[in-house]
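The primary structure of each chain is shown beneath.
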Amino acid sequence: MNVNQLLQQFQATGVQTCFHGRHIAPQIYAGLDGTNWRLKDYEARGGYQALRKILGQDGGEGMTPDQVIAEVKTSALRGRGGAGFPTGLKWSFMPRQFPGQKYLVCNSDEGEPGTCKDRDILMYNPHIVIEGMAIAAYAMGVSVGYNYIHGEIFQVYERFEEALQEARAAGYLGENILGSGFSFQLYAHHGFGAYICGEETALLESLEGKKGQPRFKPPFPASYGLYGKPTTINNTETFAAVPWIIRHGGQAYLEMGKPNNGGTKIFSVSGDVERPGNYEIPLGTPFAKLLELAGGVRGGQRLKAVIPGGSSAPVLPADIMMDLTMDYDSIAKAGSMLGSGAVIVMDETRCMVKALQRLSYFYMHESCGQCTPCREGTGWLWRVVDRIERGLGRAEDLALLDNVAENIMGRTICALGDAAAMPVRGMIKHFRHEFEYHVEHKTCMVPAYV
Amino acid sequence: MSTETAAVQPLALSEATLARFAREVAKYPADQRQSAVMACLAIIQQEYGWVSPAAELAVANYLGMAPIAVHEVTTFYNMYNQQPVGRFKLNVCTNLPCQLRDGAKALQYLADKLGVAPGGTTADGLFTLQASECLGACADAPVMLVNDRHMCSFMSDERLDQLIDGLRAAAQEGQA
Ligand SMILES: NC(=O)C1=CN([C@@H]2O[C@H](COP(=O)(O)OP(=O)(O)OC[C@H]3O[C@@H](n4cnc5c(N)ncnc54)[C@H](O)[C@@H]3O)[C@@H](O)[C@H]2O)C=CC1
Ligand SMILES: Cc1cc2nc3c(=O)[nH]c(=O)nc-3n(C[C@H](O)[C@H](O)[C@H](O)COP(=O)(O)O)c2cc1C
Ligand code: SF4
Ligand code: FES
């Protein structure tokens, strides 16, 4: 056996993470089995009908760009990359009558610890992203796009390249799409290991062939983006939601979720559950239901804490979490955020100091070093949490952590600084006694930690 | 670095490599060849195992970039090997979601099995072992990336044994 064949045997198949049949009313993951990712399969599921519809194919009237944007606004689709910004509104920021080139970019740099949903979309349903991007390009009058794919998932990059070939050959991409006069070229670009490149302006720098260091915002990409040109960036899952909205209408999408939180959302559930994986469910579904879909807490243990939106989101204790519904507004009201939809579950044997130690190391490692509060602050946070974990903490350390976190927040170029600081404050707020116990007793409150 | 590169001659690239470069460059506007730098360096790494100063210079010449601008890219992104590595580079994710499902244990298991500390390369030059940050496959923990391009999922100790033994055997048969 050669090396490639051998390695293939260890490749994920999607059975556990995506084809477990435990989604609720899925739109993006509906009907997938791992083999049916090709163009003909996608068309058999109704794929590319939304694109045909707006272009006035099959005897229809077509839709104007304004009508497409209005439909997306009605749907209350919000950015699935983490910030939850209304997608229709963002699309309407793109200058209409711009004389030069404009760009469309898909953010598939998924690197937020806990998040692996975009990988499964691109691997098992790549054409839904291509169709969503083509519709977006039509709505904003853009003729060139890029999909920036996380460097570590190279097989996904290769799969997407193959899907692009199919779409070009079938006339869904390229010059004069389906004879409509609308043209859109789409290319795949891969990263090579830098979390910060998921931040949209760092991603643009990286696409330009530079170090991925974020730019000041404003100007937002809509006015100064790729190569300095007007650019719209959306997350993979955001684009993947668009074909359904166009086919079934924005109102139907909105009604799937709850007001201001339209549609379904994919949650990547990791950590102490029986079945880690991606679960696509309507926004507004109770957390308890999501936990049940994922098989409940592993080994019959009790739930201790959940990080509900990727490692940048503040932790919430079990009792608060069990009362929440999974949507942007409800989680924000509880003092955390829905973020990228990565739900990290921890059972009662877990030590919160140790969990925070690992996360703080990550943010220190990934800081791009441009701003002093982030570069120095993330180092401080890690060193202090690390010494508390190792039993060398001092009485004043908790106040110090709070102070360093406060001095990072709102004082940096990009949100990575906040992402490092917020989890620290969340942990200390909800699990202060554990940190105090560590400092006082030089050891862990939950020695069973594994 | 700069004094070193001054003496370096650019690596001579094969027709096949140049053809792969050209496919990447074609994705970008004609005046934005630099956008292909990450892809070109990744191709270099796949073919030569690492990105040497000579390779950086060749890429710089090909794309019309300053060599230092290429070097900045090599050093900024985590996955470029700035030194030669073993025939198989193993990156095990140890970030929190993976740590909760034995990611750190998998790293330790490999370290013990291969007799090399994380960051090191085995004496036979076959394996380089590294801890890594989130690979974007968290639900599959423990996960490991082999040679930048192959994600290996659900790596229990038994599967790690199978994989390492398989790679060793393939290397011995000259299939690697
Ligand atoms: N998916 C992942 O792997 C990760 C996601 N994140 C998430 O990223 C979030 C932060 O992202 P940011 O881009 O910094 O948030 P942001 O709030 O600055 O921007 C969100 C989006 O809305 C646009 N926007 C906002 N205000 C605008 C205005 N006035 N005019 C025009 N456009 C405007 C931005 O261009 C951007 O596309 C965090 O909440 C976190 O959850 C963080 C790390 C990784
Ligand atoms: C440090 C950092 C990393 C980010 N990583 C990602 C990412 O991997 N994927 C993503 O879609 N958005 C990421 N974002 C958010 C993007 O900046 C941006 O808000 C998003 O791509 C916009 O798309 P959306 O409106 O469809 O969500 C990150 C933000 C920060 C601050
Ligand atoms: S906040 Fe951190 S990661 Fe963001 S630009 Fe500043 S130093 Fe870089
Ligand atoms: S945390 Fe390990 S792959 Fe994401």
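Thresholds applied
Residues numbered from 1 in each chain as written. Chains lettered and ligands numbered in written order. Predicted model: local features only at pLDDT ≥ 70, side-chain atom pairs only at ≥ 80, totals over all residues. Heavy atoms only, no water. UniProt positions renumbered as here; feature names shortened; annotations may be inferred. Near = heavy atom within 4 Å. Nonpolar A, V, L, I, M, F, W, Y, C, P; charged D, E, K, R; others polar. Axes fitted to C-alpha atoms, helices over the stretch in contact; angles between N-to-C directions. Helix = DSSP H or I, 4+ residues; strand = E, 2+ residues; numbered from the N terminus. Parallel < 35°, antiparallel > 145°, perpendicular 65-115°, else oblique. Left-handed = near helix turned anticlockwise from the far one by under 90°. Contact = heavy atoms within 4.5 Å. Polar contact = N/O pair within 3.5 Å; in protein donor to acceptor, adjacent residues only side chain to side chain. Areas by Shrake-Rupley, 256 points an atom, 1.4 Å probe, with all protein chains shown as cover. Domains from an automatic or database assignment. 1 Å grid on protein atoms, 1.4 Å probe; cavity = no way out; pocket = protein on both sides within 12 Å on 5 of 7 lines; lining within 4 Å. Points joined across faces, edges and corners; volume = space filled by probe spheres on them. Patch = residues over 30% accessible without salt bridge, like charges linked within 9 Å, V, L, I, M, F, W, Y side chains within 5 Å. Salt bridge = Lys/Arg side-chain N within 4 Å of Asp/Glu carboxyl O. Phe/Tyr/Trp six-rings, centres within 6.5 Å; stacked < 30°, edge-to-face > 60°. Buried < 20%, exposed > 50% of the residue type's maximum accessible area, 1.4 Å probe, protein only. Lys NZ or Arg CZ within 6 Å of the ring centre and 35° of its normal. Pairing = 2+ DSSP bridges. Core = buried A, V, L, I, M, F, W, Y, C linked by side-chain atoms within 4.5 Å.

Chain B carries the name NADH-quinone oxidoreductase subunit 2 in an unreviewed UniProt entry, which gives Tepidimonas charontis as its organism. Looking at the Sequence similarities (unreviewed entry) heading of the UniProt record, one finds this comment for chain B: "Belongs to the complex I 24 kDa subunit family."

Chain A has the name NADH-quinone oxidoreductase subunit F in an unreviewed UniProt entry, where Tepidimonas charontis is given as its organism. Per its UniProt entry, chain A bears the Catalytic activity (unreviewed entry) comment "a quinone + NADH + 5 H(+)(in) = a quinol + NAD(+) + 4 H(+)(out)". UniProt annotates chain A under Sequence similarities (unreviewed entry) with the comment "Belongs to the complex I 51 kDa subunit family."

Peer 1: Just to check I follow, could you spell out the site of ligand 3 for this structure?
Peer 2: Of all residues adjacent to ligand 3, which total 13 residues, the nearest are Cys368(A), Gln370(A), Cys371(A), Cys374(A) and Cys414(A). Its residues assigned to classes, the shell around ligand 3 shows 8 nonpolar, 5 polar and no charged.

Peer 1: For this particular structure, what's the right way to read the packing of helix α15 (residues 352-366) of chain A against helix α16 (residues 372-389) of chain A?
Peer 2: Helices that pack against each other are described as a pair by the angle of their axes relative to one another and the distance between those axes. Residue and element names in this part refer to chain A. At their nearest, the axes of α15 and α16 sit 8 Å apart, and the two run at 155 degrees to each other. When the axes of α15 and α16 are compared, the pair comes out roughly antiparallel. With respect to the hand of their crossing, α15 and α16 are arranged in left-handed fashion. Here α15 contributes Val353, Lys354, Leu356, Gln357, Ser360, Tyr361, Tyr363 and Met364 to the contact with α16, which in turn contributes Thr378, Gly379, Leu381, Trp382, Val385, Asp386, Ile388 and Glu389. Of the residues contributing to the contact of α15 with α16, the split by class is 9 nonpolar, 4 polar and 3 charged.

Peer 1: Would you mind going over the site of ligand 1 with me for this structure?
Peer 2: Residue and element names in this part refer to chain A. Lining the immediate surroundings of ligand 1 are 18 residues, of which Gly81, Lys90, Glu112, Tyr195 and Glu200 lie closest. Lys90 places a polar side-chain atom, nitrogen or oxygen, 2.5 Å from an oxygen atom of ligand 1. In isolation ligand 1 offers 850 Å² of accessible surface; the protein chains occlude 72% of this area. In terms of residue class, the shell around ligand 1 is built from 8 nonpolar, 5 polar and 5 charged. Lining the shell around ligand 1 are residues from two domains, each supplying at least three of them: domain 1 (22-256) and domain 2 (266-347).

Peer 1: Hey, could you run me through the layout of surface pockets in this one?
Peer 2: Here the idea is plain: a probe the size of a water molecule rolls over the atoms and shows the empty space left. The space that makes up the largest pocket amounts to roughly 1300 Å³. Residue lining of the largest pocket: 48 residues in total, with Gly81(A), Gly82(A), Ala83(A), Gly198(A) and Glu199(A) positioned closest to the centre. When residues of the lining of the largest pocket are traced back to their parent elements, those giving at least two are α6 (117-124), α9 (200-207), β4 (231-235), α14 (328-333) and α18 (416-441) of chain A. The leading source of residues in the lining of the largest pocket is β4(A), at 5 residues. For the lining of the largest pocket, the residue count by class is 19 nonpolar, 17 polar and 12 charged. In this structure, the second largest pocket occupies an estimated 780 Å³ of space. Lining the second largest pocket are 37 residues, and of these Tyr361(A), His365(A), Ala131(B), Ser132(B) and Glu133(B) lie nearest its centre.

Peer 1: How should the UniProt feature "binding site: [2Fe-2S] cluster" (unreviewed entry) in chain B be read in this particular structure?
Peer 2: Per the UniProt record, "binding site: [2Fe-2S] cluster" (unreviewed entry) is annotated on Cys93(B), Cys98(B), Cys134(B) and Cys138(B). Their sequence span is 46 residues, while the largest C-alpha to C-alpha distance among them is just 8.7 Å; these annotated residues converge on one region. Those annotated residues that line the second largest pocket are Cys134(B). Mapped onto the elements of the fold, Cys98(B) is located in helix α6 (residues 96-99). Considering the arrangement of structural elements, one finds Cys134(B) in the loop between β2 (127-132) and β3 (144-146). For Cys134(B), the contacting residues outside a window of four places in its chain are Gly111(A), Glu112(A), Pro113(A), Gly114(A), His150(A), Glu152(A), Cys93(B) and Asn95(B).

Peer 1: Please clarify how a nonpolar patch on the surface should be interpreted in this entry.
Peer 2: Residues Phe85(A), Leu89(A) and Phe93(A) make up a contiguous nonpolar surface patch of roughly 260 Å² in combined accessible area. Following the sequence through the fold, Phe85(A) ends up in the loop between α4 (65-75) and α5 (87-92).

Peer 1: Just to check I follow, could you spell out the domain arrangement of chain B for this structure?
Peer 2: One frequently used descriptor of interface size is the decrease in accessible area upon assembly of the parts. Split into domains, chain B comes out as domain 1 (3-76) and domain 2 (88-173). Averaged C-alpha coordinates put domain 1 of chain B and domain 2 of chain B at centres separated by 29 Å.

Peer 1: Is there a simple way to think about the packing of aromatic side chains in this case?
Peer 2: For any pair of aromatic rings, the description consists of the separation of the ring centres together with the inter-plane angle of the planes. A complete count under the given rule lists 20 aromatic pairs over all chains for this structure. Judged by centre distance (5.3 Å) and plane angle (90 degrees), the ring pair of Tyr42(A) and Tyr48(A) falls under edge-to-face. Like Tyr48(A), Tyr42(A) is buried. Taking the centre distance of 5.7 Å and the plane angle of 70 degrees together, the rings of Tyr361(A) and Trp382(A) count as edge-to-face. Separated by 21 residues along the polypeptide, Tyr361(A) in helix α15 and Trp382(A) in helix α16 bring together distant segments of the chain. Assessed through its relative accessible area of 22%, Trp382(A) is described here as partly exposed. Connected via pairs of aromatic rings, a cluster forms that spans Tyr103(A), Tyr146(A), Tyr187(A), Tyr227(A) and Tyr28(B). Above the face of the Tyr328(A) ring, Arg78(A) is positioned so that its terminal group lies 4.4 Å from the ring centre. The positively charged end of Arg33(B) is found above the aromatic ring belonging to Tyr62(B), 5.0 Å away from the centroid.

Peer 1: Explanation requested: the sheet that holds strand β1 (residues 103-108) of chain A in the structure shown.
Peer 2: All names here are of chain A. Read from one edge to the other, the open sheet built from 4 strands follows the order β3-β2-β1-β4, with strand pairing classed as parallel. On the outer flanks of this sheet lie β3 (185-190) and β4, each paired with one strand and no other. Averaged over all pairs of adjacent strands, the angle between their axes in this sheet comes to 20 degrees, without regard to strand direction. For strand β2 (residues 144-149) and β3, the ladder comprises 6 bridges, and the chain directions are parallel. The partner of Tyr148 across the bridge, within β3, is His189. Across the sheet, helix α10 (residues 236-248) lies against β1 and β4, angled at about 90 degrees from β4, the strand it touches most.

Peer 1: Explain the packing of helix α7 (residues 103-114) of chain B against helix α8 (residues 157-172) of chain B here, please?
Peer 2: All names here are of chain B. At a minimum axis distance of 11 Å, the contact between α7 and α8 shows a crossing angle of 40 degrees. One way to sum up the angle between α7 and α8 is to call them oblique. Note on packing geometry: the crossing formed by α7 with α8 is right-handed. Packed against α7, whose contacting residues are Ala106, Tyr109, Leu110, Lys113 and Leu114, the element α8 presents Asp157, Leu160, Asp161, Ile164, Asp165 and Arg168 at the interface. Grouping the amino acids of the contact of α7 with α8 by side-chain chemistry returns 6 nonpolar, no polar and 5 charged.

Peer 1: Just to check I follow, could you spell out the nonpolar core for this structure?
Peer 2: Soluble globular proteins tend to pack their nonpolar side chains together in the buried interior. Core analysis: the largest hydrophobic core is formed by 123 residues, its most contacted members being Val129(A), Phe184(A) and Tyr77(B). When residues of this core are assigned to their parent elements, the largest contribution, 11 residues, is made by helix α7 (residues 126-140) of chain A. Residue contacts for Val129(A): discarding those within four places in its chain leaves Cys106(A), Ile121(A), Leu122(A), Phe160(A), Thr236(A), Phe239(A) and Ala240(A). Grouped together as the second largest cluster of nonpolar side chains are 32 residues, Val315(A), Leu381(A), Ala421(A) and Phe431(A) included.

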